[in-house]
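# Structural characterization, general
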Amino acid sequence: MPYPHAAENDVIVRVYAAGFTPGELDWPGTWTDRAGRDRTPSVPGHELSGVVEKLGYGTTGLSVGQRVFGLTDWTRNGSLAEYTAVEARNLAPLPADIDHTLAAALPISGLTAWQGLFDHGRLAPGQTALIHGAAGGVGSIAVQLAHEAGARVIGTGRSADRDRALAMGADTFLDLQTERLEDAGEADVVFDVIGGDILDRSAALVRAGGTLVTIAMPPKVRPTDGRAVFFVVEPDRTRLTELATRLRDGRLKPIVGAVRPLAEAPAAFAPATRTQGKTIIRVMEDRTRDRS
């Protein structure tokens with residue numbers, strides 16, 4: 001691919017580590033631009049950590065040589081490349097003592113969890129949060145954030161996920177394979193990442209005045225006396241900075257699975273190669289950290 005062009009308010013990032021969503025090859029934005037025009041060949045991946053290489057015209061808030069992490073645009077070439085152009089507002093400064101591999105695992109999962117719980121779910125201390133997929137990428141971050149916020153956390157998932165979810169901060173865990181979802185009891189916020197039947201049945205678990213939040217699909221069944229929200233994660237520099245602070249302090253731990261070189265990125269999308277935790281593509285070694 002040619003070296004990317006830095007448009008107005010863009011930066012060119014030299015990518016050190018990148019994350020991706022396995023299903024993004026099915027997204028229309030992976031293959032077309034905002035006007036719906038074909039833009040193949042396309043570079044997938046929407047999470048990155050790296051160093052600012054160049055500033056576009058009018059770009060402020062970041063500087064050349066600065067370590068950054070964040071999200072690439074949905075309808076432009078993404079992070080699975082040595083260099084990529086990103087709107088500066090989609091990136092946040094990355095502290096020098098955070099590894100690029102960890103940082104690349106945080107943007108989508110971290111922002112999705114934060115926005116789902118607090119921006120859409122309005123979770124408050126003392127309330128109860130029911131989090132589906134509690135040991136997954138988004139769910140595990142949501143469990144940690146809800147626990148830190150002073151909420152009672154009910155996690156769900158498979159039996160093999162129980163210990164991990166409890167270690168992340170869940171107060172109780174419900175095995176969706178062997179236990180009845182309805183036995184979880186009522187919650188002020190139900191955070192769904194699964195969809196389908198689980199999403200439909202979750203509506204009845206929302207306490208009066210509470211919220212059913214999902215990233216899987218628009219809900220067909222709504223709470224009797226509550227809200228239902230379907231959303232897509234949005235970039236947010238302020239929240240990214242707060243997530244980085246938690247990561248640096250050890251209060252937040254993304255689950256990183258396999259770390260693979262850029263040459264293996266196409267194979268990493270194959271279902272047979274998926275592992276526990278988020279797969280990260282290491283694009284470049286951080287020699288600065290090696291020397292420190």
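An account of the accompanying structure is given in this report. (Residues numbered from 1 in each chain as written. Predicted model: local features only at pLDDT ≥ 70, side-chain atom pairs only at ≥ 80, totals over all residues. Heavy atoms only, no water.)

### Remarks on the side chain of Asp-161
Note the following rule: Note on conventions: DSSP H or I runs of at least 4 residues are helices, E runs of at least 2 residues are strands, and numbering of each starts at the N terminus. Only protein chains enter the accessibility calculation, which uses a 1.4 Å probe. A residue is then buried if its area is under 20% of the maximum for its type, exposed if over 50%, and partly exposed in between. In this tally, Asp and Glu contribute negative charge and Lys and Arg positive charge; neither His nor the terminal groups of the chain are included. What makes a salt bridge here is a side-chain nitrogen of Lys or Arg within 4 Å of a carboxyl oxygen of Asp or Glu, nothing more. Contacts are residue-level and defined by heavy atoms, with any inter-residue pair within 4.5 Å sufficient.
Mapped onto the fold, Asp-161 is located in the loop between β7 (152-157) and α4 (162-168). Arg-158 is the oppositely charged side chain nearest to the buried, salt-bridge-free Asp-161, at an N-O distance of 5.4 Å. In contact with Asp-161, not counting residues within four places along its chain, are Ala-135 and Phe-173.

### What about the nonpolar core?
Definition in use: Here the nonpolar core consists of buried residues drawn from Ala, Val, Leu, Ile, Met, Phe, Trp, Tyr and Cys, with membership extended through side-chain atoms lying within 4.5 Å.
Grouped together as the largest cluster of nonpolar side chains are 40 residues, with contacts concentrated most on Phe-69, Ile-131, Leu-145 and Ala-146. If you list the elements that add at least two residues to this core, you get β3 (67-71), α2 (107-120), β6 (128-131), α3 (137-148), α4, β9 (187-192) and α6 (237-249). Per-element accounting of this core gives the leading share, six residues, to α3. Of all hydrophobic cores here, the second largest spans 20 residues; its members include Val-15, Ala-18, Val-43 and Val-52.

### Comments concerning α6
Test applied: Residue count minus one, scaled by 1.5 Å, sets the expected span of a helix. It is the directions from the helix axis to the C-beta atoms that the arc portrays.
Its 13 residues place the ends of α6 18 Å apart at the C-alpha level, agreeing with the 18 Å of an ideal helix rising 1.5 Å per residue. Among the residues of α6, those classed as buried are Leu-240, Leu-243, Ala-244, Arg-246 and Leu-247. Looking straight down α6, one finds its buried side chains confined to an arc of 160°; they lie on one side.

### Description of the pattern of salt bridges
Across all of its chains, the model carries 21 salt bridges by this definition. One salt bridge in this structure joins Glu-87 and Arg-89, with 3.0 Å as the shortest N-O distance. Classification of Arg-89 as exposed rests on a relative accessible area of 53%. Notably, a salt bridge pairs Asp-188 with Arg-207, separated by 3.0 Å at the nearest N-O pair. One end of the pair, Asp-188, is in strand β9; the other, Arg-207, is in strand β10 (residues 206-214), and 19 residues separate them in sequence. Among the residues examined, Arg-207 registers a relative accessible area of 29% and is labelled partly exposed. In the salt-bridge network here, residues are joined through shared partners; they are Asp-10, Arg-34, Asp-73, Arg-76, Glu-87 and Arg-89.

### As for the sheet that holds β6
Note the following rule: At least two DSSP bridges between two strands are required for those strands to pair. A fitted line through C-alpha atoms represents every axis, and for helices the fit uses only the stretch in contact; the resulting angles, taken between N-to-C directions, go from 0 to 180 degrees.
Taken in spatial order, the six strands of this open sheet run β8-β7-β6-β9-β10-β11, and their pairing is parallel. The outermost strands of the open sheet, each flanked by one partner alone, are β8 (172-175) and β11 (227-230). Adjacent strand axes in the sheet meet at a mean angle of 15°, parallel and antiparallel pairs treated alike. Running over the sheet, α2 touches β9, β10 and β11 and is turned about 150° from β9. Across the face of the sheet, α3 comes into contact with β6, β7 and β9 while running at roughly 170° to β6.

### Digging into empty space enclosed by the protein
Note the cut-off: Buriedness for pockets is judged along seven lines, at least five of which must meet protein on both sides within 12 Å for an open set on the 1 Å grid over protein atoms alone, while cavities are sets there where a 1.4 Å probe fits but cannot get out, and lining residues have an atom within 4 Å of a point. Grid points are joined across faces, edges and corners, and a volume is the space filled by probe spheres set on the points. Basically, the charged four are Asp, Glu, Lys and Arg, the nonpolar ten are Ala, Val, Leu, Ile, Met, Phe, Trp, Tyr, Cys and Pro, and anything else, Gly included, counts as polar.
For the coordinates displayed, the defined rule picks out one cavity of 30 Å³ or more. Lining the largest cavity are Ala-105, Ser-109, Gly-137, Ile-141, Pro-254, Ile-255 and Lys-278. Looking at the lining of the largest cavity residue by residue, the class counts come to four nonpolar, two polar and one charged.

### Some words on the layout of surface pockets
It is a probe the size of a water molecule, rolled over the atoms, that shows where empty space is left. By volume, the largest pocket amounts to about 1,300 Å³. Around the largest pocket, the lining comprises 37 residues; the ones closest to its centre are Thr-21, Pro-22, Gly-137, Val-138 and Ile-215. Elements with a contribution of two residues or more to the lining of the largest pocket: α2, α3 and β13 (278-282). By residue class, the composition of the lining of the largest pocket is 18 nonpolar, 15 polar and four charged. A volume near 460 Å³ is recorded for the second largest pocket. Considering the residues around the second largest pocket, the lining is formed by 16 residues, among which Met-1, Pro-2, Pro-4, Asn-77 and Tyr-83 are closest to the centre.

### Quick look at the packing of aromatic side chains
Counted only if it meets this: Each Phe, Tyr or Trp ring, with Trp reduced to its six-membered ring, pairs with another whose centre is within 6.5 Å; inter-plane angles below 30 degrees give stacked pairs, above 60 give edge-to-face pairs, and intermediate values give tilted ones.
Taken as a whole, this structure holds four aromatic pairs when the rule is applied. Between the aromatic rings of Phe-20 and Phe-269, the centroid separation amounts to 4.4 Å while the plane-to-plane angle is 35°, which identifies the pairing as tilted. Of this pair, Phe-20 sits in the loop between β1 (10-19) and β2 (47-55) while Phe-269 sits in the loop between α7 (265-268) and β13; the two residues are 249 residues apart in sequence, bridging distant segments of the chain. Take Phe-269: its relative accessible area is 9%, and that puts it in the buried class.

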